[in-house]
Amino acid sequence: MSVAQNPLSIKVELPREDAVLLTVEGDLDMDTATELQHHLANQLHHGRRHFLLDIAGVPFMDSSGMNIVLRAYQEVREIPGGVYVISPTPAVRRILDLTGVSITVPIVGSVEEALEVADAGPVDHGPTTPSQE
């Protein structure tokens, strides 16, 4: 029987009625990602539209964790709402960049910045201007 090196802990706060801040600490991997999924689903059920994921305390994230983030992003886009990743560690940021998650899901430095981006409305991360001749 194995014991997780960095067990997951998730703190839930409501900076405002339509937004939830989930402060995640520990490894976000195949063994722990479902716990985050449960928290996200619960908050979605309670009408939250904006999901602020503070993952500064996550030293490791595998594809299971990234899939949870992307699934949440896809679900809240229809509301409309958003998912914002706050302060990933350099190792996790590198994974988010290499897999393209950071192209889709905004990466921000603080809760305040996440709320500002949320209030600015949906962001189209695709090409926005035609090429000039």
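Notes on the structure in this doc start here. (Residues numbered from 1 in each chain as written. Predicted model: local features only at pLDDT ≥ 70, side-chain atom pairs only at ≥ 80, totals over all residues. Heavy atoms only, no water.)

**Here's the deal with the pairing of strand S4 (residues 82-86)**
Phase 1 of the analysis: The buried fraction of S4 amounts to 5 of the 5 residues, a majority that puts the element mostly inside the structure.
Phase 2 of the analysis: Residues Gly 82, Tyr 84 and Ile 86 point to one face of S4 and Val 83 and Val 85 to the other, with burial holding for every one of them.
Phase 3 of the analysis: In the sheet, strand S3 (residues 50-57) pairs with S4 via 5 bridges, with the strands oriented parallel. Across the sheet, the residue bridging to Asp 54 is Ile 86, located in S4.
Phase 4 of the analysis: Between the parallel elements S3 and S4, the chain passes through helix H2 (residues 63-77) in a crossover that is right-handed.
Phase 5 of the analysis: Bridge count between S4 and strand S5 (residues 107-108): 2 bridges; the pairing is parallel. Bridge pairing in S5 links Ile 86 to Val 108. (Buried < 20%, exposed > 50% of the residue type's maximum accessible area, 1.4 Å probe, protein only. Helix = DSSP H or I, 4+ residues; strand = E, 2+ residues; numbered from the N terminus. Pairing = 2+ DSSP bridges. Right-handed = clockwise from strand over helix to strand, strands pointing away.)

**Structural notes on the sheet that holds S5**
Phase 1 of the analysis: A sheet is described by the order of its strands in space; here 5 strands give the open sequence S1-S2-S3-S4-S5, paired in mixed fashion. Since the sheet does not close on itself, it has two edges, and those belong to strand S1 (9-16) and S5, each with one partner.
Phase 2 of the analysis: Those strands touched by helix H1 (residues 33-45) are S1, strand S2 (19-25) and S3, and its axis lies near 25 degrees from that of S1.
Phase 3 of the analysis: Most of the contacts of H2 go to S4, to which it runs at about 145 degrees, and overall it touches S3 and S4. (Contact = heavy atoms within 4.5 Å. Axes fitted to C-alpha atoms, helices over the stretch in contact; angles between N-to-C directions.)

**A short note on the packing of H1 against H2**
Phase 1 of the analysis: Where H1 meets H2, the axes come as close as 9 Å, and the angle between the chain directions of the two elements is 15 degrees. Taken together, the axes of H1 and H2 are roughly parallel relative to one another. Every pair of crossing elements has a handedness; the one defined by H1 and H2 is right-handed. Residue-level contacts link Ala 33, Leu 36, Gln 37, Leu 40 and Leu 44 of H1 to Ser 64, Gly 65, Ile 68, Arg 71, Ala 72, Glu 75 and Val 76 of H2.
Phase 2 of the analysis: The class makeup of the residues in the contact of H1 with H2 is 7 nonpolar, 3 polar and 2 charged. (Parallel < 35°, antiparallel > 145°, perpendicular 65-115°, else oblique. Left-handed = near helix turned anticlockwise from the far one by under 90°. Nonpolar A, V, L, I, M, F, W, Y, C, P; charged D, E, K, R; others polar.)

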